[in-house]
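Structural characterization, general
So the chains spell out like this:
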Amino acid sequence: MPTHFQNFIDGHWCDSSDGRTFENRNPANWNEILGTFPLSIKQDVDRATQAALEAFRQWRFVPAPERGNILRKAGDIMVRRKNEIAAIMTREMGKPLTETKGDVQEGIDTAFYSATEGRRLFGINTPSELPNKMNLSFRVPIGVCGLITPWNFPMAIPSWNIFPGLVAGNTFVFKPAEDTPWTANVLAEILIEAGLPKGCLNIVHGAGAVVGAAITEHPDIRAVSFTGSTSTGAIVARACGERTKHVCLEMGGKNAQIVMADADLDLAIEGVLWGAFGTTGQRCTATSRLILHEKIHDEMVERLARQASKLRLGDGLDAKTDVGPIINEKQRKNIERYVKIGKEEGANCMLGGEVASIGNLKNGWFFQPTIFTDVTPEMRIAKEEIFGPVLSVLKCRSLEEAIEINNSVQYGLSSSIYTRDINVAMQAARDIEAGITYINAATIGAEAHMPFGGVKGTGNGHREGGWAVFDFYTEWKSVYIDYSGKLQRAQIDV
Ligand code: NAD
């Protein structure tokens, strides 16, 4: 019998109201059932929201530095449990242990960073325009926040939201992705051990269209943070917009690495191997386009393909594995569909392009690292997010053309340029339309204390990470203190 896991509501572990469950399977071996989880319904979200609302009434009065202390303890617990959590995550979503350890580390960094910000939730004071009057403004929590997350960073993405959101004084109803529910429960265990009061974090497992939708529609949930695909993000935005909720959207990407003729090619190849095939290409910041200057195009492509062909596919628990499985059957079918589209569009599939199913890969959702050359900007494989180990190579003749190609897609999350020319690098940093630009580094590798998010179709103007996340998880309160002892009329008594 597989282990049965539960929702976490009002400090208690509990089943869904109607008792139904879903299975969580290992994508590297679909015969391994890791556990069953509650397939929750709207009533579960209602209960969780009620618990979060009651908890908020107390939690908002806990001084922010004290709230931060709980996060510091959470960080310590994550340090202690790092290897164990990474192994759970690898079994649940497939990426190699080195990467899942990195995912936990991102949570640890965010815990410690958020803890310190509990002492720095600065307000702004300004002189009043009237005598004997003082103006203050400070940050206040919003209330109950909904959080809806994808499966590719099961610890980092929830941490980026829950940790600063809690420090700011909010409480949460959290719906994790169906493919990574176990890591979410581990996060609850960590916060319970760290001393988080009951009701401050509630977890409701289940389907997006049911539990996620109930979160976006609940009148007592005042803010919703969503990370996932652009198509689901649009549904979430509509539901929140109709109800005038705050909403933070972190969505798809079609990130490019540009390599100029003067670049260090060894470095650029290492960068694209990591950016395109790390996490099996299933990062929102993954490199899915490579824009090469014509002078180094042929050499770079030939060397890259040689090295990519040596990447070892396998179970992420095996230390020799470079590339783990695709998350599930639906997503692997989607990748196969895009490879077919690429071939039909006339691109040259020079590496991979097939499901990988020999030997010990036969019971997992593996797909070969794939490289398309002769890709042009108008092709669908150059424009649409594939979310797998598929790299489209495009050719350019100048920096201006490279930037034009980079900016020709609807997305704008991450980007990268390899060059030894500082003028070229700075021009690219200025003109590339993306929330993040790396100079001489891969498109992946965000740090917890830097703003994270994208422009255009990737986001709606908010940022996670760093100080910027507190702009989403707080509202401004302006306070005017009049100590003149008489009625002073702003704009009138001048
Ligand atoms: P997804 O959109 O399918 O699901 C994301 C979450 O939304 C899941 O928890 C899902 O259950 C929920 N959901 C589904 N339908 C819903 C609905 N109608 N209402 C409310 N919630 C609903 O995305 P995914 O496949 O889990 O993740 C991959 C996508 O996430 C990619 O597009 C990737 O680029 C994106 N992503 C973006 C970032 C970023 O920061 N920009 C980070 C990671 C992943």
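Residues numbered from 1 in each chain as written. Predicted model: local features only at pLDDT ≥ 70, side-chain atom pairs only at ≥ 80, totals over all residues. Heavy atoms only, no water.

Comments concerning the sheet that holds strand β6 (residues 133-141)
Consider a sheet: its strands pair through backbone hydrogen bonds, and that pairing is either parallel or antiparallel. Strand order in the open sheet formed by three strands is β5-β6-β19, with antiparallel pairing between adjacent strands. In this open sheet, the two strands that pair with only one neighbour each are β5 (124-127) and β19 (474-482). Across the sheet, the axes of successive neighbouring strands diverge by a mean angle of 20°, strand direction being ignored. (Pairing = 2+ DSSP bridges. Helix = DSSP H or I, 4+ residues; strand = E, 2+ residues; numbered from the N terminus. Axes fitted to C-alpha atoms, helices over the stretch in contact; angles between N-to-C directions.)

Description of the packing of aromatic side chains
The tally for this structure, following the rule as stated, stands at ten aromatic pairs. Aromatic ring contacts, followed pair by pair, group F5, F22, F37 and W182 into a single cluster. Over the aromatic face of W59 sits the side chain of R67, whose NZ or CZ is 6.0 Å from the ring centroid. Above the plane of the ring of Y338 lies R337, whose end atom (NZ or CZ) is 4.9 Å from the centre. (Phe/Tyr/Trp six-rings, centres within 6.5 Å; stacked < 30°, edge-to-face > 60°. Lys NZ or Arg CZ within 6 Å of the ring centre and 35° of its normal.)

A closer look at the sheet that holds strand β13 (residues 287-293)
Here seven strands make up an open sheet; going across it, the order is β14-β15-β16-β13-β12-β17-β18 and the pairing mixed. Strands at the two margins of the open sheet, each flanked by one partner only, are β14 (348-351) and β18 (438-439). Two strands pair when backbone bridges link them, and strand β12 (residues 255-259) and β13 are joined in this way by five bridges, in the parallel orientation. Paired with A256 across the two strands is R289, which belongs to β13. Here helix α8 (residues 265-277) sits on the sheet in contact with β12, β13, β15 (370-373), β16 (390-396) and β17 (415-418), set at roughly 170° to β12. (Contact = heavy atoms within 4.5 Å.)

Considerations on the nonpolar core
Counting 51 residues, the largest nonpolar core has I162, L166, L191 and L201 as the members making the most contacts within it. Ranked by the residues each element gives to this core, the list is headed by helix α2 (residues 64-93), at nine residues. Apart from the residues within four sequence positions on either side, L201 is in contact with F8, I162, F172, F174, A188, L191 and L196. Judged by nonpolar contacts, the second largest core, of 30 residues, contains I326, I341, F372 and I381. (Core = buried A, V, L, I, M, F, W, Y, C linked by side-chain atoms within 4.5 Å. Buried < 20%, exposed > 50% of the residue type's maximum accessible area, 1.4 Å probe, protein only.)

Re helix α6 (residues 208-217)
Within the sequence span of α6, burial applies to V211, G212, A214, I215 and T216. The inward-facing, buried residues of α6 contact α1 (42-59), β7 (144-148), β8 (171-175), β10 (221-227) and α7 (230-242).

Remarks on the packing of α2 against helix α4 (residues 156-167)
Two numbers describe a pair of packed helices, the interaxial angle and the distance between the axes. Put simply, α2 and α4 touch, their axes get as near as 8 Å, and they point 150° apart. In terms of their interaxial angle, α2 and α4 are classed as roughly antiparallel. Seen from α2, the contacting residues are A64, R67, G68, L71 and M78; seen from α4, they are S159, F163, L166 and V167. Of the residues assigned to the contact of α2 with α4, the class counts are six nonpolar, two polar and one charged. (Parallel < 35°, antiparallel > 145°, perpendicular 65-115°, else oblique. Nonpolar A, V, L, I, M, F, W, Y, C, P; charged D, E, K, R; others polar.)

A few points about the domain arrangement of the chain
Per the domain assignment, the segments making up the chain are domain 1 (7-251 + 459-478) and domain 2 (255-439). The straight-line distance from the C-alpha centre of domain 1 to that of domain 2 is 31 Å. With 22 residues of domain 1 at the interface, the matching set in domain 2 holds 24 residues. At the boundary of domain 1 with domain 2, total buried surface from both sides reaches about 2000 Å², with 62% on carbon and sulfur atoms. Area buried by domain 1 at its contact with domain 2 is led by W30, E99 and W151, which between them contribute 28% of it. The interface formed by domain 1 and domain 2 includes one salt bridge. (Domains from an automatic or database assignment. Buried area = accessible area lost by both parts, 1.4 Å probe. Salt bridge = Lys/Arg side-chain N within 4 Å of Asp/Glu carboxyl O.)

Some details on the pattern of salt bridges
Scanning the entire structure with this criterion turns up 25 salt bridges. A salt bridge links E242 to R243; the nearest nitrogen and oxygen atoms lie 3.6 Å apart. Judged by its relative accessible area of 63%, E242 falls in the exposed class. The partner of K456 in a salt bridge is E433, with the nearest N and O atoms 2.6 Å apart. Separated by 23 residues along the polypeptide, K456 in the loop between β18 and α14 (469-473) and E433 in the loop between α13 (422-431) and β18 bring together distant segments of the chain. With relative accessibility at 34%, the residue K456 sits in the partly exposed group. Because the salt bridges share partners, they merge into one network encompassing R81, E84 and E189.

Side note on helix α10 (residues 329-344)
Taking 1.5 Å per residue as the helical rise, α10 with its 16 residues ought to reach 22 Å, and the 23 Å between its terminal C-alpha atoms agrees with that figure. Regarding α10, the residues found buried are Q331, R332, N334, I335, Y338, V339, I341 and G342. Lining the buried residues of α10 we find β15, α11 (380-383) and β16. Two residues or fewer past α10, G346 is found with a positive phi of approximately 100°. (Expected span 1.5 Å × (residues − 1).)

Focus on the site of the ligand
The environment of the ligand is made up of 28 residues, and the closest members are T149, E178, S229, M251 and E385. Take S229: an N or O atom from its side chain is 2.6 Å from an oxygen atom of the ligand. Contact distances for the ligand include 2.8 Å between a nitrogen atom and a backbone N or O atom of M251. Starting from 860 Å² of accessible surface for the ligand in isolation, the protein chains cover 87%. Looking at the shell around the ligand, the elements with two or more residues in it are α6, β10 and α7. For the shell around the ligand, the leading source of residues is α6, giving four residues. Residues that form the shell around the ligand fall into these classes: 15 nonpolar, nine polar and four charged. Looking at which domains feed residues into the shell around the ligand, each of domain 1 (7-251 + 459-478) and domain 2 (255-439) gives three or more. (Near = heavy atom within 4 Å. Polar contact = N/O pair within 3.5 Å; in protein donor to acceptor, adjacent residues only side chain to side chain. Areas by Shrake-Rupley, 256 points an atom, 1.4 Å probe, with all protein chains shown as cover.)

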